[in-house]
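Residues per chain, in single letters:
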Amino acid sequence: MNEKLDAQKLTESAKQFLWGTFGKDPSYFDTPGSIVVSAQGPYVTDIHGVRYIDSQGSAGSAILGFNHPHVLEAMVRQLSAVAQNPSGWPASVPQVQLAEKIASLSPGSLKYTIFACNGTDANETAIKIARKYYKLQGKSGKYKVIGRYRNYHGMSLATLAAGGVVQRRKDYEPLPPGFTHIATPYCYRCRYPADHPQCAGRYADELRQAIEFEDPSSIACYLGEQTVFGGGVLPPPPDYMRRIREICDEHDILLIADEVVTGFGRTGAWFESAKYGIVPDIITLAKAITSGHAPLSATHVKEEIARAFFGGGDRLFQHGFTFGGMPVACAAGLATLEFIEETGLLATVPEKSARFVRELERIQERSPLVGDVRSHGMLFGVELVRDKETKEVWPLPEREGIAKAIVAEGKRHGVLLAPYTLHGTLIVVLAPPLTIEDTELEAIASALEAALREAEKTAASGLPKKGAGVSPGDLPRQRR
Ligand SMILES: Cc1ncc(COP(=O)(O)O)c(C=O)c1O
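Residues numbered from 1 in each chain as written. Predicted model: local features only at pLDDT ≥ 70, side-chain atom pairs only at ≥ 80, totals over all residues. Heavy atoms only, no water.

**Quick look at the packing of helix 3 (residues 69-81) against helix 12 (residues 327-343)**
Where helix 3 contacts helix 12, the axes come no closer than 8 Å and their chain directions differ by 150°. By the criterion of interaxial angle, the relationship of helix 3 to helix 12 is roughly antiparallel. Of the two elements, helix 3 crosses helix 12, and the hand of that crossing is right-handed. For the pair helix 3 and helix 12, the contacting residues are His70, Val71, Ala74, Met75, Gln78 and Leu79 in the first and Pro327, Val328, Ala331, Ala332, Ala335, Thr336, Glu338 and Phe339 in the second. (Axes fitted to C-alpha atoms, helices over the stretch in contact; angles between N-to-C directions. Helix = DSSP H or I, 4+ residues; strand = E, 2+ residues; numbered from the N terminus. Parallel < 35°, antiparallel > 145°, perpendicular 65-115°, else oblique. Left-handed = near helix turned anticlockwise from the far one by under 90°. Contact = heavy atoms within 4.5 Å.)

Here it is as structure tokens:
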């Protein structure tokens, strides 16, 4: 840590001036790990010199970990050439090269890429493409979007409307009209348990029904995650995505796959959709594209759809962002993809994932709180329940108290854990870098186990424990 940093003064400044992301109020800055000074690999170090493993690797972005030397080097090189987007938006060299690289990795006729900054922008862009695409074909009545409950697509009003996270949208309603939702397959809490293993068909039929009820001539696109991330790590059942593709084709509806989290390796493939043998019409990408080193997202579109917008006049896609596809971000993107490819990193995912799942399953056997362990590649979900038999969950205030205890105890053991209390469930979502060492995964597992023991005590007390947070003085000083 920079010796000149005055931790107390910084904490006071944060409390006075900084409105923290995702609803943090000033008291958050009294908790450890709330102001970071440096990061490397899976670790972040806070202003008190305490080092933590980020079990969710920068919200699922840091596929190569933090501050990866290969990525940093490419960014520095690009910074000294051209850092910003010039006006009139001429393309930069890394932008062109990254667009070509993405096309070389993606299946079928997916070819053209529009760059933006966040996953939100990428999804917003995709929805606008779908709407205008049908307008250009004289079908301006086709504008509705079918999304799925428990899916998250971003924080703008349209992406909140497309997503199915009521806690994130309810304060901003009314949201734009033209969005409707279907259920997401959720094996542990299946709506169609008697139909197993035919449940994929039942869930896919919900799309067919929604299309029919809404009128097929009014629907522009289906937008969904495949393996759901924040909604609880829910991989689709076999055959689900193939059926979704079929239904979209039958009704002339664009299939938009939100691969903001799963794109570029999280599931062990470049694109999750490729694992199901389907080609979406549009894939939205962000997070791992730069391993989280710079804000960058991509809306990757089939050639025949993109071409409908070329030729000027009314065809023009009137859309773009000042900071979309910044040269330095695209250089980070190229370096990230290059590193993944050259090191054969994706091939290491199945074994590493299986080893960590075994650890999590051992925890499940020992802990009365772990109802289910799920995974897809290097994405893991640990669902907590009050009663393993009934799968009953605590009401929200208790859930929040338990989640707080998990976070605090995780920090005490040097690991940042991320429990989600959305959707009436409590699920710890883990998404470590693909480059993480086995010993570091073991450290995450043992911190999680300790956190669950603490959670048991909180759950047994019935109410959130007051002051579940720990003070920086309680923490072990760790190697920086
Ligand atoms: C599946 C998915 N889509 C979209 C987003 C939004 O991305 P961003 O936060 O970069 O806007 C997220 C963010 O976590 C996500 O998980």
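Still to come is the rest of the account.
**Details of the pairing of strand 15 (residues 426-430)**
With 5 of 5 residues buried, strand 15 lies mostly within the body of the structure. A two-sided burial pattern is seen for strand 15, the buried positions comprising Leu426, Val428 and Leu430 on one face and Ile427 and Val429 on the other. Of the strand pairs in this sheet, strand 12 (residues 379-384) and strand 15 are connected by 5 bridges, and their pairing is antiparallel. Within strand 15, the residue paired with Gly381 across the bridge is Val429. Across 2 bridges, the pairing between strand 14 (residues 419-420) and strand 15 is antiparallel. Within strand 15, the position partnered with Tyr420 by the bridge is Ile427. Connecting strand 14 to the antiparallel partner strand 15 that follows it, the hairpin turn spans 5 residues, and His423 within it adopts a positive phi of roughly 60°. (Buried < 20%, exposed > 50% of the residue type's maximum accessible area, 1.4 Å probe, protein only. Pairing = 2+ DSSP bridges.)

**Section: helix 8 (residues 199-214)**
End to end, helix 8 covers 23 Å across 16 residues, agreeing with the expected 22 Å (1.5 Å per residue, within 8%). Listed as buried for helix 8 are Cys199, Ala200, Gly201, Tyr203, Ala204, Glu206, Leu207, Ala210 and Ile211. In the core, the buried residues of helix 8 are packed alongside strand 5 (144-148), strand 6 (179-182), strand 7 (219-224) and helix 9 (240-250). One or two positions beyond helix 8, positive phi appears at Asp215, with a value near 90°. (Expected span 1.5 Å × (residues − 1).)

**Description of the site of the ligand**
Residues in contact with the ligand amount to 13 residues; listed here are only the nearest, Gly119, Thr120, Tyr152, Asp258 and Lys287. Gly119 has a polar backbone atom sitting 2.8 Å from an oxygen atom of the ligand. Separating an oxygen atom of the ligand from a side-chain N or O atom of Lys287 is a distance of 2.8 Å. Here the ligand, which alone exposes 390 Å², has 83% of that area covered by the protein. Looking at which element gives the most residues to the shell around the ligand, the answer is helix 5 (residues 119-136), with 3 residues. Taken together, the residues of the shell around the ligand sort by class into 4 nonpolar, 6 polar and 3 charged. (Near = heavy atom within 4 Å. Polar contact = N/O pair within 3.5 Å; in protein donor to acceptor, adjacent residues only side chain to side chain. Areas by Shrake-Rupley, 256 points an atom, 1.4 Å probe, with all protein chains shown as cover. Nonpolar A, V, L, I, M, F, W, Y, C, P; charged D, E, K, R; others polar.)

**Digging into the sheet that holds strand 5**
Taking strand neighbours across the sheet as the criterion, the 7 strands line up as 4-10-9-8-7-5-6 in an open arrangement whose pairing is mixed. Looking along the sheet, the strands with just one partner apiece sit at the ends: strand 4 (110-116) and strand 6. Neighbour to neighbour, the strand axes of the sheet diverge by 20° on average, direction disregarded. Summarising the sheet, strand 8 (residues 254-258) and strand 9 (residues 282-285) pair through 3 bridges and their orientation is parallel.

**Describing the domain arrangement of the chain**
Here the chain is described as being made up of domain 1 (7-60 + 346-474) and domain 2 (69-343). Here domain 1 and domain 2 have C-alpha centroids that lie 28 Å from each other. Contacts between the two partners involve 32 residues from domain 1, matched on the other side by 31 residues from domain 2. For the pairing of domain 1 and domain 2, the buried interface totals around 2,700 Å² over both sides, and the portion due to carbon and sulfur atoms is 60%. Of all residues in domain 1, the largest losses of buried area upon contact with domain 2 belong to Leu346, His376 and His423, amounting jointly to 29% of the total for that side. Joining domain 1 to domain 2, the criterion identifies 1 salt bridge. Residue Glu383 pairs with Arg189 through a salt bridge whose shortest N-O separation is 2.8 Å. For the pair domain 1 and domain 2, the number of links is 15 residue pairs in polar contact (both at pLDDT 80 or more). Counting residues per element, the ones that place at least two in the side of domain 1 that touches domain 2 are helix 2 (57-60), strand 11 (370-376), strand 12 and strand 15. Tallying contributions element by element places strand 11 first for the side of domain 1 that touches domain 2, with 5 residues. When the residues that make up the side of domain 1 that touches domain 2 are grouped by side-chain class, the tally is 16 nonpolar, 12 polar and 4 charged. (Domains from an automatic or database assignment. Buried area = accessible area lost by both parts, 1.4 Å probe. Salt bridge = Lys/Arg side-chain N within 4 Å of Asp/Glu carboxyl O.)

**With respect to unusual backbone geometry**
For the bond running from Glu173 to Pro174, omega is 5°, close enough to zero to count as cis. Looking at the element boundaries, Pro174 is found in the loop between helix 7 (166-169) and strand 6. Within the chain, Lys391 stands out as a residue other than glycine whose phi angle is a positive 65°. With respect to the helices, strands and loops of the structure, Lys391 is situated in the loop between strand 12 and helix 14 (396-412). Take Lys391: its relative accessible area is 29%, and that puts it in the partly exposed class. One non-glycine residue with positive phi stands out, namely His423, at about 60°.

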